[in-house]
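Architecture at a glance
What follows is each chain in one-letter form.
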Amino acid sequence: MTRDLMFKDEIQQLVADAYEAVEDPDGPGARNYAPEQLELLPASARRWILGVGNPVPAAHLQPGDRVLDLGCGAGIDAQLAAVEVGPTGHVTGVDMLPSMVERCRAFAQEAGRDNLTFVNAEMEALPLADGHVDVVVSNGSINLSARKSRVLAEALRAMRPGGRLAVADLTIDEDDLPSEILTHPSAWAG
Ligand SMILES: C[S@@+](CC[C@H](N)C(=O)[O-])C[C@H]1O[C@@H](n2cnc3c(N)ncnc32)[C@H](O)[C@@H]1O
């Protein structure tokens, strides 16, 4: 139904505009994390917790795992994953906004972690080889995509056979939301 009401580029642009406009979010998603997780983040990064849950513990990461974080925002879950996979593992965060990617790099540098890479790309077209990662995590991002099936297909392509997916996100129970909601900017980006 959504496809008929708005174009993918239109939705993506309003999501991009909404996240570009965020200046000082003051960590709205911090309540989802345990104090000992928050302590692993630089204080400046804690203001940029924008997710809706806490997916990394559900991923049961092991030292050496290669992890992909879809729509990584300021790199909060990527940093927590980087601690768990250790120096033999690696985390790649993907976000469509250059400003978010720069923020991720700055926070990773501030934390002194070098087993993280941040890439400016769309979740719908991941610049990763087939089977490149062991685990995919995501927090509050897949709901923002106009092509959610495509995101999941890309996640499965980038994951090795037998890999794991841990997602915290928003879902709806019904497909028949009114068109006023399906086309409202804050319903997509809020
Ligand atoms: C709710 S925030 C992510 C929060 C982050 N995971 C955290 O836990 O703090 C959503 C992020 O998804 C990114 N995003 C939205 N649509 C995207 C897309 N199609 N491809 C890549 N990134 C996207 C936005 O730029 C934004 O940084």
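Structure: see above.
Everything in this summary refers to the structure shown in the same document. (Residues numbered from 1 in each chain as written. Predicted model: local features only at pLDDT ≥ 70, side-chain atom pairs only at ≥ 80, totals over all residues. Heavy atoms only, no water.)

Turning to the pairing of strand β4 (residues 133-139), a few remarks are in order. Within a regular beta strand, the side chains point alternately toward one face of the sheet and then the other, so they alternate between its two faces. The buried fraction of β4 amounts to 7 of the 7 residues, a majority that puts the element mostly inside the structure. Both strand β1 (residues 66-70) and β4 contribute to a ladder of 4 bridges, which runs parallel. Across the sheet, residue D69 finds its bridge partner in β4, namely V137. When β4 meets strand β5 (residues 159-168), the two strands line up parallel, connected through 6 bridges. Counted as the bridge partner of V136 is L165 from β5. Since β4 and β5 lie parallel, the crossover through helix α7 (residues 148-158) that links them has a hand, and here it is right-handed. (Buried < 20%, exposed > 50% of the residue type's maximum accessible area, 1.4 Å probe, protein only. Helix = DSSP H or I, 4+ residues; strand = E, 2+ residues; numbered from the N terminus. Pairing = 2+ DSSP bridges. Right-handed = clockwise from strand over helix to strand, strands pointing away.)

Applying the stated criterion across every chain, the model contains 10 salt bridges. Salt-bridge contacts for R66 lead to D134; the nearest nitrogen and oxygen are separated by 3.1 Å. You can see R66 sitting in strand β1 and its partner D134 sitting in strand β4, a full 68 residues away along the chain. Between D134 and R160 there is a salt bridge whose closest N-O contact spans 2.7 Å. (Salt bridge = Lys/Arg side-chain N within 4 Å of Asp/Glu carboxyl O.)

Moving on, we come to the site of the ligand. Taken together, 23 residues lie near the ligand, and D77, D95, M123, E124 and N139 sit nearest. A distance of 3.1 Å is found between an oxygen atom of the ligand and a backbone nitrogen or oxygen belonging to L50. Take M96: an N or O atom from its main chain is 3.1 Å from a nitrogen atom of the ligand. More than half of the atoms belonging to the ligand lie within 2 Å of the grid points that define the largest cavity. Per-class residue counts for the shell around the ligand are 13 nonpolar, 6 polar and 4 charged. (Near = heavy atom within 4 Å. Polar contact = N/O pair within 3.5 Å; in protein donor to acceptor, adjacent residues only side chain to side chain. 1 Å grid on protein atoms, 1.4 Å probe; cavity = no way out; pocket = protein on both sides within 12 Å on 5 of 7 lines; lining within 4 Å. Sits in = over half its atoms within 2 Å of the grid points. Nonpolar A, V, L, I, M, F, W, Y, C, P; charged D, E, K, R; others polar.)

Spatial relationships are all this shows, so hold off on functional conclusions.
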